[in-house]
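Structure assessment
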Amino acid sequence: MDVFETPFRYNASPEPDAIDSMKTPHKNVRAFHFSAFRYLFSARFLTVLGNGIAPIALAFAVLDIGGSVSDLGIVVASRSIFNVLFLLLGGVLADRYSRSRVLVASSVVAALSQAIVAWSVLDGSATVIGLALLGAINGAAAGIALPASSALIPQTVPARNLRQANAFLQAGIYGGTVIGASLGGILISAVGPGWGLAIDALGFAAAAPLYHFIRVQPVETGSTQSNILQDLKEGWKEFVSRAWVWAIVVQFTIINAAFSGVMMVLGPVIADASFGRAHWGFIIAAQSIGLIVGSSLALRWRPRRDLFIGVMLMSFCALPIFMLSQLATTPWLIAAFFMAGVTFGLFGVAWAQSLQTNIPPEKLARVYAYDAVGSFVAIPFGELIAGPLAIQYGTSNVLLVSALAVVIATAGASLVPAIRRLESGSQPEAHTLPGERSL
């Protein structure tokens, strides 16, 4: 029997110790009381600790072997493309099989592929084509893992701890990114990018056994005649039946193309030509610190329409792109990236809570997969066009247009009635069939 074993369908019930706690009168039990959540938190923290270093290390590894800005775009885009291609398969697998085992398998593949990348950089045999191919494997593993890790959260804690779990998990993820990005700038400057990539491989390897220890209660539905295409179609109906879901995904398609695509390719180039590699690491770390602050604020600040407010706050993501286009000094860039991070953190908790309380749990991973595809599909596009556009029109002009695109996308999403109406803490909706009115 392979690693995915028998198909299961899941409810949102956590493991037995969580059920016992739900029966007790204690209302101050925190998410970390539940062992399944502790394992999930620790595994994702270790993974992002390495992943905080890896993008910086990979960017400078390409530049160190003589790669151009276009070569850098190809390498980082290869990972993003395969990440997107495997997201939908990951969503189906996570709704059909044990989500923890899906995560174990993907972590092992990611650890092996990233270890080979690190070895090739350290022994001087790395090539642009080799890095792109290995990045594609790593991206496929990440695509398989993302829907499972996101949909697993409501299974690890009772409903009353869900917002807290999302906030803690976000803060831990971004905390690992802060440490990783800070270490990355220093480590890469001191001993080179190869060791940074090796640490990322160790993070995936350490996460695999932690995912294995996660125990949640599955609900077996018996035999099913559905295939992957039917499952994908069912997930698509769930996705498009809610205007507030797909409108926000469209918004983030544009934001991610500009912020995570264009800017993250041009940023290292600007850093190499001006304020230096170590400072770029600290600038990225400032964004992660802001993400932690935003996630922490979301625990206490609970407006009635927090998703709508979070959508509008995304306009602040245009600020660091604009300031980078103007070659602002490092302190100003740190402040701008920090502010963008705070808004991302606030939005992230509201978005996770909205999905997890409004989407049926047995379809949640597939909706997460469509969300991720829609949100991430423009990242490789942005990464691929960043270099050629910068050569043709100038780095500053490309960044200015990217900042404007973020503002326009946010304004458009804010006008959608379904987003304005959705209230925090709403109960799960019944499945909405095509043609019926939905939020």
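The structure presented is a predicted model; accordingly, all values stated were derived computationally and were not measured.

**Quick look at the confidence of the model for the chain**
On average, the chain scores 79 in pLDDT, and the residues at 70 or more come to 87%. Mean pLDDT across the elements of the chain bottoms out in strand S1 (residues 9-10) (34) and peaks in helix H18 (residues 395-414) (90). Predicted confidence for residues 219-223 stays below pLDDT 50, and this span has nine contacts to residues more than four positions away or in other chains. For the stretch residues 426-439, pLDDT sits under 50, and the model shows 29 contacts to residues farther than four places along the chain or on other chains.

**Looking at the nonpolar core**
Counting residues in each nonpolar core, the largest one holds 117 residues, and the members touching the most others are Trp-244, Phe-259, Trp-351 and Leu-355. In this structure, Trp-351 is in contact with Trp-244, Val-245, Ile-248, Val-249, Leu-307 and Asp-371, ignoring residues within four places of it in sequence. With five residues, the next largest nonpolar core counts Ala-167, Ala-298, Val-342 and Leu-346 among its residues.

**Quick look at the environment of Ala-136**
Looking at the element boundaries, Ala-136 is found in helix H6 (residues 128-151). With 58 residues separating them along the chain, Ala-136 and Ser-78 place their C-alpha atoms 5.2 Å apart. The contact partners of Ala-136, leaving out residues within four places of it in the chain, are Ser-78, Arg-79 and Phe-82.

**What about the pattern of salt bridges?**
The final tally for this structure, using the stated rule, is eight salt bridges. Glu-234 is the salt-bridge partner of Arg-366, the closest N and O atoms lying 3.0 Å from each other. With a gap of 132 residues between them, Arg-366 in helix H16 (residues 364-376) and Glu-234 in helix H10 (residues 228-240) connect regions that are remote in the sequence. Look at Arg-366 and you get buried, because its relative accessible area is 1%. A salt bridge links Arg-242 to Glu-238; its shortest N-O distance comes to 2.6 Å. For Arg-242, a relative accessible area of 0% puts it in the buried group. A residue is classified by how much of its surface remains accessible, and Glu-238, at 0% relative accessible area, is buried. Sharing partners across several salt bridges, the network here consists of Asp-95, Arg-96, Arg-99, Asp-231, Glu-234 and Arg-366.

**Describing the environment of Phe-204**
Position of Phe-204 relative to the elements: it lies in helix H9 (residues 193-212). Sequence spacing of Phe-204 and Asn-51 is 153 residues, and the spatial spacing of their C-alpha atoms is 9.1 Å. Aside from chain neighbours lying at most four places away, what touches Phe-204 is Thr-47, Asn-51, Ser-107, Ala-110, Ala-111 and Asn-138.

Conventions we followed
Residues numbered from 1 in each chain as written. Predicted model: local features only at pLDDT ≥ 70, side-chain atom pairs only at ≥ 80, totals over all residues. Heavy atoms only, no water. pLDDT = per-residue confidence, 0-100. Helix = DSSP H or I, 4+ residues; strand = E, 2+ residues; numbered from the N terminus. Contact = heavy atoms within 4.5 Å. Core = buried A, V, L, I, M, F, W, Y, C linked by side-chain atoms within 4.5 Å. Buried < 20%, exposed > 50% of the residue type's maximum accessible area, 1.4 Å probe, protein only. Salt bridge = Lys/Arg side-chain N within 4 Å of Asp/Glu carboxyl O.

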